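So the chains spell out like this:
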Amino acid sequence: MKRLIHYLSIDNIGVLELLFASYCILSGYSWGIVKGNLLFLFIMAIMAYIRKGKSVVKMKELTWLVIFVAIHEFVLAMVINAPGYMINNTVSILISCILIYPIVRALNIEKLLGALNLVGIISIIGIVYHYIIIRNGGTVSPIPLPFMPGLDTASRLYEEGNRPTSFYWEPAAFVTYMMVPLFLALRNKKFIWSMVIIVSMFLSTSTTGITMSLFMLVCYLFTQKINIKYKALIVVITGAFIWSLFYTDLFSAGMDKMAQTDIESTSRTINGPSMVFNMPLNHIIMGMPAANPYDYFMSGGFYSSDIVVKDGSIYCSTIWLVLAKYGIVGMMLFLWLYIKPMKVTREITPFILVLFVSMFFQSFTIGTSGFAFQIIFIYVFINAHKQRQLG
């Protein structure tokens, strides 16, 4: 047991690091108007301020993006006589982005590694528990945390049925989190742990999880300087998972989910292109003159018979939503936030390439918990890399 604990680095965990590792789960809770995604960022920022960590990363990319969003939304609010919910959302976005800075400075990458793996183990146990229930004919819903308020079952993200979710709102949220431990496991050449993580993603039946975990292996193989022994091992692992996906009963649910996914009709893929390709050129350049895609659609800003509207909202994946909301300049600043770290070190490249692809299927735009989680991790990783270079 001690060897396992040391192998996964869970013998060296900090409180702040554990809270951050739990953020993807905690952010789904709310207390009335107080949302967990903002509340726990605020708590972590206070803890980070007390710790007073040092950082050699200035995060100018985030600063320019925050300045642009503030100016863009202020001008837009004046032009369209913005509704109250747009102003509230803008304030929330700006606050969440500002809270990222102290957290990045304070997090310790070594303690964070153990915390991420610990939460990963707990999450995998939850996925296996749900998988067993489903295999025996039952239905599942997100496992609630003790002493926390009930999850909002009316939310679009809440999922109840025959897909494992563990402690997360939906399988895709579980996958978003597990991509980080998977990346770190590959980077540290802990391939057994990597395989356990990938198996859990397959069990989640998430199409994104299955495809992105395999894509992570391919990205790691072609972007990292590793010897031929490790390259051969990665090829074998990738081939084994692809074979098991098609020829074993263990992952049949995930394969069935992929076969039943209609790419041409699902809102995850169709709404964004249907909106952007029907927007006037000046709106693509400057951003849509509306608070959100639904308001823009209802105001006649664009029309498309392919748009899928659900519960008074139009779901768009990240890349299309950022382009439609903030225009070309906003999208370039957003992407630069991810591109710049790859110029600092190629070690982060597999993780960011996976994020680029998932931007077309998932929504982790500015101000969301997914965005905060990813950016904090990326820049903590970059900060640790630069500190090692400085000795």
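Residues numbered from 1 in each chain as written. Predicted model: local features only at pLDDT ≥ 70, side-chain atom pairs only at ≥ 80, totals over all residues. Heavy atoms only, no water.

A.B. asks: Explain the nonpolar core here, please?
C.D. replies: Among soluble globular proteins, nonpolar side chains are generally buried collectively. Ranked by internal contacts, the top residues of the largest apolar core, which has 119 residues, are Tyr338, Phe351, Phe371 and Phe377. Ignoring sequence-local partners within four residues, the contact set of Phe351 consists of Met179, Val180, Phe183, Met216, Phe377 and Ile378. (Core = buried A, V, L, I, M, F, W, Y, C linked by side-chain atoms within 4.5 Å. Buried < 20%, exposed > 50% of the residue type's maximum accessible area, 1.4 Å probe, protein only. Contact = heavy atoms within 4.5 Å.)

A.B. asks: For this particular structure, what's the right way to read the packing of helix α8 (residues 171-187) against helix α17 (residues 349-358)?
C.D. replies: The relative placement of two packed helices is expressed as an angle between their axes plus a distance between the axes. Contact geometry of α8 with α17 gives a least axis separation of 9 Å together with a crossing angle of 150°. Regarding the angle of α8 to α17, the classification is roughly antiparallel. As for how α8 packs across α17, the hand of that crossing is right-handed. Note on element contacts: α17 touches α8 through Pro350, Phe351 and Val354, opposite Met179, Val180 and Phe183. Residue classes in the contact of α8 with α17 are distributed as six nonpolar, no polar and no charged. (Axes fitted to C-alpha atoms, helices over the stretch in contact; angles between N-to-C directions. Helix = DSSP H or I, 4+ residues; strand = E, 2+ residues; numbered from the N terminus. Parallel < 35°, antiparallel > 145°, perpendicular 65-115°, else oblique. Left-handed = near helix turned anticlockwise from the far one by under 90°. Nonpolar A, V, L, I, M, F, W, Y, C, P; charged D, E, K, R; others polar.)

A.B. asks: Just checking my understanding: could you explain α17 for this structure?
C.D. replies: An α-helical segment advances 3.6 residues per turn. Residues three or four places apart therefore align on the same side. Counting buried residues in α17 gives eight out of ten residues, a clear majority hidden from the surface. Buried within α17 we find Thr349, Pro350, Phe351, Ile352, Val354, Leu355, Phe356 and Ser358. On its buried face, α17 is in contact with α8, α10 (207-223), α16 (318-344) and α18 (369-390).

A.B. asks: What is the right way to read the packing of α16 against α18 from this model?
C.D. replies: Where α16 meets α18, the closest approach of the two axes is 10 Å, and the angle between their N-to-C directions is 25°. Comparing the axis directions of α16 and α18 gives the class roughly parallel. In this structure, α16 meets α18 at a crossing whose hand is left-handed. Of the residues in α18, those in contact with Phe334, Leu337, Tyr338, Pro341 and Val344 of α16 are Phe371, Gln374, Ile375, Ile378, Tyr379, Ile382, His385 and Lys386. A per-class count over the contact of α16 with α18 returns ten nonpolar, two polar and one charged.

A.B. asks: How do you make sense of helix α7 (residues 109-135) when you look at a structure like this?
C.D. replies: With 27 residues, α7 extends 38 Å between its outermost C-alpha atoms, agreeing within 8% with the 39 Å of an ideal straight helix rising 1.5 Å per residue. Structurally, the start of α7 carries an N-cap: the backbone nitrogen of Glu110 is 2.9 Å from a side-chain oxygen of Asn108. Just past α7, the residue Gly137 takes up positive phi, approximately 90°. (Expected span 1.5 Å × (residues − 1). Polar contact = N/O pair within 3.5 Å; in protein donor to acceptor, adjacent residues only side chain to side chain.)

A.B. asks: Would you explain the pattern of salt bridges in this entry?
C.D. replies: It is possible for side chains bearing opposite charge to pair when their charged atoms get close. One pass over the full model with this rule turns up five salt bridges. A salt bridge links Arg51 to Glu17; the nearest nitrogen and oxygen atoms lie 2.5 Å apart. Of this pair, Arg51 sits in helix α4 (residues 36-51) while Glu17 is found in helix α2 (residues 15-21), placing the two residues 34 residues apart along the sequence. Using a relative accessible area of 0% as the deciding quantity, one classes Glu17 as buried. Glu73 is paired through a salt bridge with Lys325; the nearest N and O atoms lie 3.1 Å apart. Linking Glu73 in helix α5 (residues 60-80) with Lys325 in helix α16, this pair joins segments that are 252 residues apart in sequence. (Salt bridge = Lys/Arg side-chain N within 4 Å of Asp/Glu carboxyl O.)

A.B. asks: Could you clarify how one ought to interpret the confidence of the model for the protein chain in this entry?
C.D. replies: It should be kept in mind that the predicted coordinates are not to be read in detail where pLDDT is low. Considering every residue of the protein chain, the mean pLDDT works out to 87; 92% of them sit at 70 or more. Considering each helix and strand of the protein chain separately, the mean pLDDT is smallest for helix α12 (residues 252-260), with a value of 48, and largest for α2, with 96. Considering only residues more than four positions removed or in separate chains, one finds that residues 257-265, a stretch of pLDDT under 50, has twelve contacts. (pLDDT = per-residue confidence, 0-100.)

A.B. asks: Can you walk me through the packing of aromatic side chains in this structure?
C.D. replies: Note on aromatic pairs: each is described by the distance of the centres and the angle between the planes. In this structure the tally under the stated criterion is 19 aromatic pairs. Taking the centre distance of 6.1 Å and the plane angle of 80° together, the rings of Phe183 and Phe377 count as edge-to-face. Here Phe377 lies in helix α18 and Phe183 lies in helix α8, a separation of 194 residues in the sequence. Phe377 sits in the buried class, given a relative accessible area of 0%. An aromatic cluster of three or more residues is present, and its members are Phe20, Tyr168, Phe174, Tyr177 and Phe373. Over the ring of Tyr230 we find Lys189; its NZ or CZ atom is 5.5 Å from the centre of that ring. Over the ring of Tyr230 we find Lys229; its NZ or CZ atom is 5.0 Å from the centre of that ring. (Phe/Tyr/Trp six-rings, centres within 6.5 Å; stacked < 30°, edge-to-face > 60°. Lys NZ or Arg CZ within 6 Å of the ring centre and 35° of its normal.)

A.B. asks: How should I be thinking about the state of the cysteines in this particular structure?
C.D. replies: Working definition: the covalent bond between the sulfur atoms of two cysteines is a disulfide. According to the stated counting rule, one finds zero disulfides in the structure shown. The thiol sulfur of Cys24 is not disulfide-bonded, and the nearest other cysteine sulfur, from Cys97, lies at 16 Å. With relative accessibility at 12%, the residue Cys24 sits in the buried group. (Disulfide = S-S within 2.5 Å.)

A.B. asks: Quick question: what am I supposed to make of the side chain of Ser194 here?
C.D. replies: With respect to the helices and strands, Ser194 occurs in helix α9 (residues 191-203). With a relative accessible area of 2%, Ser194 lands in the buried category. At 2.9 Å, the side chain of Ser194 forms a polar contact with the backbone oxygen of Lys190. Among residues more than four places away in sequence, those in contact with Ser194 are Leu182, Ala185 and Leu186.

A.B. asks: Help me understand unusual backbone geometry, please; the structure alone is not making it clear to me.
C.D. replies: The bulk of non-glycine residues show a negative phi, and the bulk of peptide bonds are trans. Located in the positive-phi region is Ser9, a residue other than glycine, with phi close to 60°. As for its position among the elements, Ser9 is in the loop between α1 (2-7) and α2.

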